[in-house]
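Observations on chain architecture
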Amino acid sequence: MSVDVVSDIEPRVQYTAAAAQTDFDYPFPIFADADLVVDVDGVTQALTTDYTVTGAGDDTGGTITFLSAMAGSEVVTIYRDLAIERLTDFQQNGRFSSASFNDELDKIIMIQQ
């Protein structure tokens, strides 16, 4: 999976929910669904139990969809939270994958944001 563009954009959005609202957009890239944290009124929600995610790998973000509609006036906060880990190892004099290298650099920038 590869993100092509990591823009200088705040990796956090916050909404006040309307009654019956289920969909909320996030305008920043993520590598995987689990890279997002979703809070409702300060309570962290569970991926697949409370909401689903679309748009992982999309440079412009995507949408989280709650499985139950909002009552109205809840504060929904969505932010990127990447694990600080290195998943690739480039061998000396070995094959070099520019895609893997770009992913690692993108992750570094996302963590710094």
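Preceding block: the structure.
Residues numbered from 1 in each chain as written. Predicted model: local features only at pLDDT ≥ 70, side-chain atom pairs only at ≥ 80, totals over all residues. Heavy atoms only, no water.

**A few points about the environment of Thr49**
With respect to the helices and strands, the residue Thr49 is situated in the loop between strand 4 (43-44) and strand 5 (51-54). In the structure, Thr49 is positioned 17 residues away from Phe66 in sequence and 9.0 Å away in space, judged by C-alpha atoms. (Helix = DSSP H or I, 4+ residues; strand = E, 2+ residues; numbered from the N terminus.)

**Focus on the environment of Phe31**
With respect to the helices, strands and loops of the structure, Phe31 is situated in the loop between strand 2 (23-26) and strand 3 (36-40). When the C-alpha positions of Phe31 and Gly61 are compared, they lie 9.9 Å apart, and in sequence the two are 30 residues distant.

**A closer look at the sheet that holds strand 6 (residues 62-66)**
Strands pair in a sheet through their backbones, by hydrogen bonds, and they do so in one of two ways: parallel or antiparallel. Pairing within the open sheet is antiparallel, and its 3 strands lie in the order 2-6-5. The strands lining the two open edges of the sheet, one partner per strand, are strand 2 and strand 5. Strand-to-strand twist in this sheet, taken as the mean axis angle between neighbours without regard to direction, amounts to 20 degrees. Here 4 bridges tie strand 2 to strand 6, and the two strands are oriented antiparallel to one another. The partner of Tyr26 across the bridge, within strand 6, is Gly62. (Pairing = 2+ DSSP bridges. Axes fitted to C-alpha atoms, helices over the stretch in contact; angles between N-to-C directions.)

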